Amino acid sequence: MADVEKKPATPPPDAGLRNLDHYKYRLPKWRYALRQKLLPLIRWETPYLAYVQEHVRTPALDTYFALSANLGTHTFFMAMLPTLFWFGYTAFGRGLVHILAAGVFFSGFLKDLLCLPRPLSPPLHRITMSGSAALEYGFPSTHSTNAVSVAFYALAAIRSEPDMNPALRLTLQLLTWLYTASIVLGRLYCGMHGFLDVIIGSILGALLGFVQWNWRREIDDWVYSGEWVVPLIVTGVILLLVRIHPEPADECPCFDDGVAFAGVVIGVDLGHWHFAHSRFAWSVPEPATVPFAYTQLGLMRTVLRVILGVVIVFSWRGVMKPTLHRILPPVFRLIEQIGLSIPRKDYKQASEYTTIPPLHDDTLPPLQQLPALIQTITRRSRSDSVGPQSAADAYETLAYREKRRRESIGSDSGRGGMGVGTGVSKYEREMGTVVAPAFTSPSKHSHNHKQSHQVVGTERGAEVEVRGGGGGEVNGGEGHERAEDERREEAEMFMRIERPRVRYDVEVVTKLVVYAGIAWLAVEWIPVLFELAGLGLGVR
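Owing to the predicted nature of the structure, the values given are computational and were not obtained by experimental measurement.

### Side note on the overall build of the protein
Logical step 1: For the protein, the count of helices and strands is 18 helices and 4 strands.
Logical step 2: Counting across all 540 residues of the protein, residues that qualify as buried make up 52%.
Logical step 3: Summarising the internal contacts of the protein: among those between residues at least 6 apart in sequence, 82% fall at separations of at least 24.

Structure (structure tokens):
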């Protein structure tokens, strides 16, 4: 984001303070001040989260919440949304696209704006089936935003159907509430988010669902009015939002997900704007409705529609992504030479590389990776890890240890009189320690699971000798040796965490084009192909 301050006049911090002052030097003052206001809340709630997690965990709940979390991911929604359009649920699908895209974008906007860490591990265990989720910041919870926005919109849609069978209505409502509770409570149970994360995420989701539902008619009337200026405005606003997305202090995949969904909105709105005025679309019950009736198509043709659509979507992605990675770098180099490039921090500019290697995409994996993804889910493969998993985790671990050390030096009681082994104090003592990443089998889990992990870190606050009157000093020889141990420990911690891959400047445009194309194909060209291939109901 353009608001990232450059401080050429400020000398770089001493090497020994780089990690502790990481966010102070990488964020503008106003963003750093906001972060410092909210950070104590994240730290305060962590031991309570750990207390709850340790006392309610069971192998069955581990599996349930790890599996149900997949229903709140970008990959799930990217795979599910096209089928809504192909089965004729145009208005519902369009509404979900808008609220999910807004939820992913604005929750990611807040994450990268404030750079707040997830609750510390240890004392929490991180239970997840996703390797990339822990690389993001914690505040707010995107899973909670998505789940609540979808639930709000779905419940409102159910209530708007007066002729629905009462038993079916009740069943759908109960399933919606179960879905929402599983996602939101699961983020707490799995140690991925704190109370503040899910509360703000849920409020954001409810707000987005409320806005989309209450103004859906006005939005649709404007988008499908037929004016050519509409798609230009939609595209321009979305590109502007992408451009002003904040620059994070660390490498974070939030921006990638926001760009992908921004492309989806462009494709859906442009595609529907054009499809609504074609002879292949129905205007009832909504403009740009894809013709579908199961009673006329039958099971076989319905399945073939889905298979054909999925193959086209993945083929587009498989062809366009590498093609754009070959075509765009020379264009970007030319733009860079004439001084018009506006690169994002931590993205390699085209002048710094010659070719782009094959890149993994967490939002929508390539077709050849789907069997492995399905196998992971069906085998209920999940990780139970303890210790920093991202740069944000590592920096927060070091910052909290330093906070504890200073508190210990300034207090004769070391921890301000906290009782040892009572309440949540034992979880507070684990905060700021470094634990070797480890994994536990679901069948071997017990309420004493923390004992199976090797603590390789030290707790500064507990090791400082406090001498006389409120001031403290460390014995010279022991202090020097301890400082060397801590430096080695910090280096090992940063070596163990998963590093985000190298990112290239052309990826932003590539994602916009690829995902806009996927959406446009899904809402217009694939339905047209259904009709031409004999898998439709006939054109009007």
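### A word on the side chain of Ser141
Logical step 1: Along the chain, Ser141 falls in the loop between β1 (126-128) and α6 (142-159).
Logical step 2: Ser141 sits in the buried class, given a relative accessible area of 0%.
Logical step 3: Once residues lying within four places of it in the same chain are set aside, the contact partners of Ser141 are Arg187, His193, Asp197, Val198 and Gly201.

### Quick look at the packing of helix α2 (residues 29-56) against helix α8 (residues 195-214)
Logical step 1: At their nearest, the axes of α2 and α8 sit 8 Å apart, and the two run at 110° to each other. Taken together, the axes of α2 and α8 lie roughly perpendicular to each other. Of α8, the residues touching α2 (which contributes Leu41, Ile42, Glu45 and Leu49) are Phe195, Leu196 and Asp197.

### Focus on the layout of surface pockets
If a probe as big as a water molecule is rolled over the atoms, it shows which places are left empty.
Logical step 1: Counted as a void, the second largest pocket has a volume near 1,000 Å³.
Logical step 2: Around the second largest pocket, the lining is made up of 30 residues, and of these Leu84, Tyr89, Phe92, Ala154 and Ala157 lie nearest the centre.
Logical step 3: Grouping the constituent residues of the lining of the second largest pocket by class yields 21 nonpolar, 4 polar and 5 charged.

### Brief notes about the pattern of salt bridges
Logical step 1: For the structure shown, the criterion picks out 6 salt bridges.
Logical step 2: As a salt-bridge pair, Glu396 and Arg43 come within 2.7 Å of each other at their nearest N and O atoms. In this pair, Glu396 sits in helix α14 (residues 391-409) while Arg43 sits in helix α2, placing the two residues 353 residues apart along the sequence.
Logical step 3: What makes Glu396 buried here is its relative accessible area of 3%.
Logical step 4: Across the pair Glu286 and Arg217 runs a salt bridge whose closest N-O atoms are separated by 2.9 Å. Taken together, the positions of Glu286 in the loop between α11 (254-275) and α12 (294-337) and Arg217 in helix α9 (residues 216-223) put the pair 69 residues apart, joining distant regions of the chain.
Logical step 5: Residue class for Arg217 comes out partly exposed when judged on its relative accessible area of 44%.

### Brief notes about unusual backbone geometry
One can expect most non-glycine residues to show negative phi and most peptide bonds to be in trans.
Logical step 1: Cis peptide bonds are those with omega within 30 degrees of zero, and the linkage from Phe139 to Pro140 qualifies with -10°.
Logical step 2: Here Pro140 is to be found in the loop between β1 and α6.
Logical step 3: A cis amide bond links Val284 with the next residue in sequence, Pro285, at an omega value of 5°.
Logical step 4: Note on placement: Pro285 falls in the loop between α11 and α12.
Logical step 5: Despite not being glycine, Ala288 shows a phi value in the positive range, around 70°.
Logical step 6: Within the fold, Ala288 resides in the loop between α11 and α12.

### A word on the confidence of the model for the protein
Logical step 1: Residues of the protein with pLDDT of at least 70 account for 75%, and the chain-wide mean is 78.
Logical step 2: In this model, residues 412-421 is a region of pLDDT below 50 whose contacts with residues beyond four sequence positions or in other chains number 17 contacts.
Logical step 3: Within the model, pLDDT remains below 50 along residues 436-474, and this stretch shows 91 contacts once partners closer than five positions in the same chain are excluded.

### Considering the environment of Leu188
Logical step 1: Within the fold, Leu188 resides in helix α7 (residues 166-189).
Logical step 2: Spatially, the C-alpha atoms of Leu188 and Pro119 are 9.8 Å apart, while their sequence positions differ by 69 residues.
Logical step 3: Setting aside chain neighbours within four positions, we find Leu188 in contact with Leu49, His193, Gly194, Phe195 and Val198.

### A closer look at the packing of aromatic side chains
Logical step 1: Per the stated rule, a full pass over the model turns up 15 aromatic pairs.
Logical step 2: Both rings, one in Trp44 and one in Tyr48, keep their centres 5.1 Å apart while their planes meet at 45°; by these two values the pair is tilted. Of the two residues, Trp44 and Tyr48 are both situated in helix α2; the distance of 4 residues between them amounts to about one turn of the helix.
Logical step 3: Owing to a relative accessible area of 55%, Trp44 belongs among the exposed residues under this scheme.
Logical step 4: Taken together, a centroid distance of 4.8 Å and an interplanar angle of 80° make the contact between Tyr353 and Tyr504 edge-to-face. One end of the pair, Tyr353, is in the loop between β2 (347-348) and α13 (370-378); the other, Tyr504, is in strand β4 (residues 503-504), and 151 residues separate them in sequence.
Logical step 5: Take Tyr504: its relative accessible area is 8%, and that puts it in the buried class.
Logical step 6: Its end group placed over the ring of Trp213, Arg216 keeps NZ or CZ at 3.6 Å from the ring centre.
Logical step 7: Across the ring face of Tyr353, the terminal group of Arg333 is positioned such that the distance to the ring centre comes to 5.9 Å.

### Looking at the nonpolar core
Logical step 1: Formed by 60 residues in total, the largest nonpolar core has its most connected members in Leu81, Leu96 and Phe261.
Logical step 2: Those elements giving two or more residues to this core turn out to be α4 (74-86), α5 (90-114), α6, α7, α10 (229-243), α11, α12 and α18 (506-532).
Logical step 3: Ranked by residue count, the leading element in this core is α18, at 13 residues.
Logical step 4: By size, the runner-up hydrophobic cluster in this structure holds 10 residues, among which are Tyr23, Cys254, Ala391 and Tyr395.

Calculation criteria
Residues numbered from 1 in each chain as written. Predicted model: local features only at pLDDT ≥ 70, side-chain atom pairs only at ≥ 80, totals over all residues. Heavy atoms only, no water. Helix = DSSP H or I, 4+ residues; strand = E, 2+ residues; numbered from the N terminus. Buried < 20%, exposed > 50% of the residue type's maximum accessible area, 1.4 Å probe, protein only. Contact = heavy atoms within 4.5 Å. Axes fitted to C-alpha atoms, helices over the stretch in contact; angles between N-to-C directions. Parallel < 35°, antiparallel > 145°, perpendicular 65-115°, else oblique. 1 Å grid on protein atoms, 1.4 Å probe; cavity = no way out; pocket = protein on both sides within 12 Å on 5 of 7 lines; lining within 4 Å. Points joined across faces, edges and corners; volume = space filled by probe spheres on them. Nonpolar A, V, L, I, M, F, W, Y, C, P; charged D, E, K, R; others polar. Salt bridge = Lys/Arg side-chain N within 4 Å of Asp/Glu carboxyl O. pLDDT = per-residue confidence, 0-100. Phe/Tyr/Trp six-rings, centres within 6.5 Å; stacked < 30°, edge-to-face > 60°. Lys NZ or Arg CZ within 6 Å of the ring centre and 35° of its normal. Core = buried A, V, L, I, M, F, W, Y, C linked by side-chain atoms within 4.5 Å.

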